[in-house]
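Topology and contacts: notes
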Amino acid sequence: MEHPNPRYVSRLTKDTLALVLAGGRGSRLYELTDWRAKPALYFGGKFRIIDFPLSNCVNSGIRKIGVLTQYKAHSLIRHIQVGWSHFKRELGEYVDVLPASQRNSPNWYQGTADALYQNTDIIRASGCKYVMVLSGDHVYQMDYGNMLAYHVENEAQLTVSCIEFPIEEAAGAFGVMSVDDKDRVLGFEEKPEKPTPIPEDATQCLASMGNYIFDTEFLLDLLEKDSNEENSEHDFGKDIIPSIINHADVFAYRFRSNDGGRAYWRDVGTLDSFWAANMELISPTPALNLYNHQWPIWTYQTQLPPAKFVFDDEDRRGYAVDSMVSGGCIISGGKLKKSLLFSDVHVHSYADIEESVILPEVEIHRGAKIKKAIIDRQCVIPENMVIGYDHEQDKANGFRVTAKGVVLVTPEMLGQRGGARQLLK
């Protein structure tokens, strides 16, 4: 499809309400989400995961946005308040936080569809013709305007954003759409062991990204009907989509890169995938380009001085190789290799860090050695502590070791209850 006329797309985006589902815990991230919702998790040196769908909205021209929160949302809400509150409401722009307020039900959000049902008054009040429902816990850069144009041109009532995946990768991991040669949806399976291939390639299938565009009136009617179904789990993937495929105009939108290949999209829902996605960023030409001035990722960050590297003695040299280091960091005679440091990290002399993701405000004392690890916010690593070299010892120390050998360390595991937990960061 040719790139649609920008004026045409801008009219569509102005008539769209985006609702970001950001209430998930992310239980497969274990202790990393004990104190924060998955969308509030740090990513890429200075961002949080929620910044990616929000930035996609803003860059696409969608400026009516609601963020639906539930699980341990304090740090997420605070991040949105300080980083995303600059919109001009008098111009019809806003990013609103929508916790479960029990307007239509005495319950908390019971599923993705119920989360929208409990906000039907807000959907109606927006006056928008289209509602875009977005997952708040995936990392990608996407122009939603193209998907909106596709939705309108196909006269669809529902459009599902999909990405092409090898069948063996998608099996048991993603919801999969089956389509005809026009990409009209014929069926939907929730995490099938044998996904249905796409018509033109028996090795590929269409995995749902958890992003949808609805005609507003069509959506409101669906939500009302679903709310009265006693056996429904009130979920888009499990209930809504399968129930309407045979009698509604449902299309799959294939999210692709500019050259037509597989686009970047990561579900960082496990410790291994979270570590791997961060590690990808330090390669010379990463698949996710955070340096793209045409598609910036917006966020909130405190004002910090530049990163500093000190000491140039032969056995005490502060340096970083194949790494990303954020503002406020001090590398004081320590070594970094293939690692990613978030803001305000202090690495002391003779410390050696390799293939690790270090979250904000961590202090790593002299002589510590860390390899292939995730160090949570405000950990204080004692002198000469060794992490990631002997997994049996790591487990004996109370650290979590994944099946792929990534070691997670949190303040609680170190016997520390710092300000990070008290302030729910």
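Please read these numbers as outputs of a predicted model, since none were measured by experiment. The written sequence of each chain sets the order in which its residues are numbered from 1. Since the coordinates come from a predicted model, pLDDT governs what is reported: local features require at least 70, and pairs of side-chain atoms require 80 or more to be given and counted, while whole-chain, interface and lining totals use all residues. Hydrogens and water are ignored here; the side-chain numbers use all heavy atoms of the structure.

**Re the overall build of the chain**
In DSSP terms, a helix is any run of H or I states spanning at least four residues, a strand is any run of E spanning at least two, and both are numbered starting from the N terminus. Broken down by element type, the chain carries 12 helices and 29 strands. Note on method: radius of gyration uses C-alpha positions; expected globular size equals 2.2 Å times residues raised to 0.38. Taken over the C-alpha trace, the chain has a radius of gyration of 23 Å; the compact-globule value for 425 residues is 22 Å, and the two agree within 12%. Seen along its three principal axes, the alpha-carbon backbone of the chain occupies a region of about 70 × 50 × 45 Å. Reported accessibility uses the Shrake-Rupley method at a 1.4 Å probe radius. Residues are deemed covered only where the shown protein chains occlude them. Entry remark: accessible area of the chain is about 19,000 Å², with carbon and sulfur atoms responsible for 47%. Within this scheme the basic residues Lys and Arg register as positive and the acidic residues Asp and Glu register as negative, but His and the chain ends are omitted. By convention, the point assigned to a charge is CZ for Arg, NZ for Lys, CD for Glu and CG for Asp. Taken together, the 45 basic and 57 acidic charged side chains of the chain have centroids lying 6 Å from each other.

**Here we look at the sheet that holds strand E21 (residues 352-354)**
Pairing between two strands is assigned when DSSP locates at least 2 bridges connecting them. Overall, parallel pairing links the 5 strands, which are arranged E15-E18-E21-E24-E27 in an open sheet. Lying at the two open borders of the sheet, with one neighbouring strand each, are strand E15 (319-321) and strand E27 (386-387). The pairing of strand E18 (residues 335-337) with E21 spans 3 bridges and is classified as parallel. Across the sheet, residue Lys-337 finds its bridge partner in E21, namely Glu-354.

**Looking at the packing of aromatic side chains**
Only rings of Phe, Tyr and Trp enter the pairing, Trp through its six-membered ring, and a pair is recorded when the two centres are within 6.5 Å. The plane angle decides the type: under 30 degrees is stacked, over 60 is edge-to-face, the rest tilted. Within this structure, the stated rule accounts for 11 aromatic pairs. With a centroid separation of 5.9 Å and an interplanar angle of 65°, the aromatic rings of Phe-47 and Phe-52 are classed as edge-to-face. Considered together, Phe-47 and Phe-52 belong to a single accessibility category, that of buried residues. Ring pairs connect the aromatic residues Phe-43, Phe-47 and Phe-52, which therefore count as one cluster. In this structure, Lys-369 packs its charged tip against the face of Tyr-389, placed 4.6 Å from the ring centre. Lys-372 extends its terminal NZ or CZ atom over the ring of Trp-275, reaching a point 5.3 Å from the ring centre. Think of it in three bands: residues with accessible area under 20% of the maximum for their type are buried, residues over 50% are exposed, and the middle band is partly exposed, with areas taken using a 1.4 Å probe on protein chains only. Criterion for a charge above a ring: Lys NZ or Arg CZ within 6 Å of the ring centre, and within 35 degrees of the ring normal.

**A closer look at the side chain of Arg-36**
Within the fold, Arg-36 resides in the loop between strand E1 (16-21) and strand E2 (42-43). Polar contact criterion, stated in full: a pair of N or O atoms within 3.5 Å, where within protein one must be able to donate a hydrogen and the other to accept it, and residues adjacent in sequence count only if both atoms are side-chain atoms. Separated by 2.8 Å, the side chain of Arg-36 and the backbone oxygen of Leu-32 make a polar contact. At 3.3 Å, the side chain of Arg-36 forms a polar contact with the side chain of Asp-376.

**So, unusual backbone geometry**
Backbone geometry places Asp-322, a non-glycine residue, at a positive phi of 50°. You can see Asp-322 is positioned in the loop between E15 and strand E16 (324-325).

**Overview of the sheet that holds strand E29 (residues 407-409)**
The sheet built from 6 strands is open, its strands ordered E16-E19-E22-E25-E29-E28 with mixed pairing. On the outer flanks of this sheet lie E16 and strand E28 (400-401), each paired with one strand and no other. As paired strands, E28 and E29 are joined by 2 bridges and run antiparallel to one another. The residue of E29 that forms the bridge with Val-401 is Val-407.

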